[in-house]
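# Report on the structure
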Amino acid sequence: MKRTVLSIAITSLFFANSCKNSKSPKQETARTEAVKSDITDEQLMDRVQKDAVKYFWDYAEPKSMLGRERYHEDNIYPDNDKHVITTGGSGFGLATLLVGVERGFIPRQEVVKRLTHMMDFLARADRHKGAWSHWINGETGKTVPFGKKDNGGDLVETAFLTSGILMVREYFKNGNAEEKALASKCDELWKGIQWNWYTKGGEKVLYWHWSPEYQWEMNFPLEGYNECLITYILAASSPTHSIDAETYYKGWTRNGTYLTDKTKYGLPLYVKHNYAEEYGGPLFWSQYSYIGLDPTGLSDKLVKNYFELNKNQVLIDYKYCVENPKQWKGYGANYWGLTAGYTRNEDGSTGYTAHMPSNDNGVITPTAALSSFPYTPKESMAFLRFMYTQKPEFIGSAGPYDATSVNYSNWFTPRYLAIDQGTIAPMIENYRTGFLWKLFMNAPEIQQGLKKLSFKSQKYGIK
């Protein structure tokens, strides 16, 4: 079945429904044993980070070595897309591999060789005015259409990938000859992206898609607030094809009209989450742009503290799950978190949706809480401890499975998605050490781009 555009009133989400009506195998196939309850918090974080690294190290697409769109332990791929790689998820994968190196989970020299291979593949792959497509055939480098007219450049997925590419460059740029050569390849890829092309001839807004066949027919302007902030940051930071500050403030902020004074559970939302203004959107909105972009004390002309914005979104999601107005079994302080991912259809098969308080069907996506560690360390740790010590059936070969439900007799799907698994190790590491935040925020172009857009961060000397 063809992957389709979600139509749940969040028009900014373009994700999968390819496993709709595909049956999961019997749940007793889980192999993992619960860890002992006396395991320390540090050991637990090590464990889940190491598990998440496996997705991009052990289960990468074998020819390109980039992140597969999906990895299914049951080896059932209804769309025959085992070879399809995801651009954005691969960007999160680059960050994940850096965490693996820094933590000593995988050997640095082998990672450098693999990253070099990946950059060479990306240089050969189809590009559309410098941008990559959402999906790429991992065997050929050719664009795989995400939809009929979505068969060209995807600027948002390109941004997620580019964030990872820049962090790789920064990490290895002062290394040995092989590492410096890798950094140079990263730099060349970054400079080849024509961000300003995606303003459709100079409009004061970025557009998500451009196709050599269908041109601008997708007609999807990037307007806040959702997961796309990093796209504007990178476009403004480009040393070769940049946008101006007016494009950011007229486009992304909707001429400043995306602010709100609404609160939920006594917590200010600060911005209008697109089509999700009461509770905020799915939790990946507080994660995808912030793998490298450090929200700590970060402000611009309109938003006074991005960390508080994200923290409140996560806490609202948490409080909703604890309140549990739909009375799902299992929801509570140690089992919470709603975001986009695989889901349980009414007939028990595996589907896909963007879980959030306004779209809650009793399914908890582990990446939601685990990738929220910087904002809610206590609440996220309670979830992590619950998963590994009490729900071993929810843990597979690459960490917690993508979708779980205590309510439906401990239902799970033995499957993973790159965009979900790829945020876990990076965001936990940002909580632990700020490692990736430091790499990205100290990149010279990012410093200049943030200043251009009137961002301020005392932490990084941006005034």
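The name given to the chain in an unreviewed UniProt entry is Glucoamylase family protein, with Chryseobacterium kwangjuense as the source organism.

### Section: the pairing of strand β9 (residues 340–344)
Two faces make up the sheet, and in a regular strand the side chains alternate between them. For β9, a buried count of 4 out of 5 residues is recorded, marking the element as mostly surrounded by other parts of the structure. Taking the residues between adjacent antiparallel strands as the criterion, β9 and strand β10 (residues 350–354) are bridged by 5 residues, where G348 takes a positive phi near 90 degrees.

### Structural notes on the nonpolar core
Ranked by internal contacts, the top residues of the largest apolar core, which has 149 residues, are Y248, L293 and Y306. A total of 11 residues in this core trace back to one element, the largest contributor, which is helix α4 (residues 155–172). With near-sequence residues (within four places) excluded, Y306 lies in contact with L229, Y248, Y258, Y290, P295, L298, S299, D300 and F455.

### Some words on the UniProt feature "domain: Glycoamylase-like" (unreviewed entry) in the chain
In the numbering used here, UniProt assigns the "domain: Glycoamylase-like" (unreviewed entry) feature to residues 219–443. Each end of residues 219–443 is marked by a C-alpha atom, and these two atoms are 32 Å apart; helix forms 33% of the span and strand 12%.

### Quick notes on the pairing of β10
Burial analysis of β10 places 5 of its 5 residues in the buried class, which makes it a mostly covered element. Judged by which residues are buried, β10 turns out to be covered on both faces: T350, Y352 and A354 on one side and G351 and T353 on the other are all buried. When β9 meets β10, the two strands line up antiparallel, connected through 5 bridges. Within β10, the residue paired with A340 across the bridge is A354.

### Observations regarding helix α5 (residues 177–191)
An α-helix turns once every 3.6 residues. As a result, residues three or four positions apart point the same way. Here α5 spans 21 Å end to end across 15 residues, near enough to the 21 Å set by a 1.5 Å rise per residue. Listed as buried for α5 are E179, L182, A183, C186, D187, L189 and W190. Summarising the axial view, the buried residues of α5 lie within an arc of 165 degrees, below the 170-degree limit, and thus occupy one face. Opposite the packed face of α5, turned more than 90 degrees from it, sit the exposed residues A177 and E188. In the core, the buried residues of α5 are packed alongside α3 (108–124), α4, α6 (229–237) and α14 (444–452). Where α5 starts, the residue carrying a side-chain oxygen 3.1 Å from the main-chain nitrogen of E178 turns out to be N176.

Rules of the game
Residues numbered from 1 in each chain as written. Predicted model: local features only at pLDDT ≥ 70, side-chain atom pairs only at ≥ 80, totals over all residues. Heavy atoms only, no water. Buried < 20%, exposed > 50% of the residue type's maximum accessible area, 1.4 Å probe, protein only. Helix = DSSP H or I, 4+ residues; strand = E, 2+ residues; numbered from the N terminus. Pairing = 2+ DSSP bridges. Core = buried A, V, L, I, M, F, W, Y, C linked by side-chain atoms within 4.5 Å. Contact = heavy atoms within 4.5 Å. UniProt positions renumbered as here; feature names shortened; annotations may be inferred. Expected span 1.5 Å × (residues − 1). Arc of directions from axis to C-beta. Polar contact = N/O pair within 3.5 Å; in protein donor to acceptor, adjacent residues only side chain to side chain.

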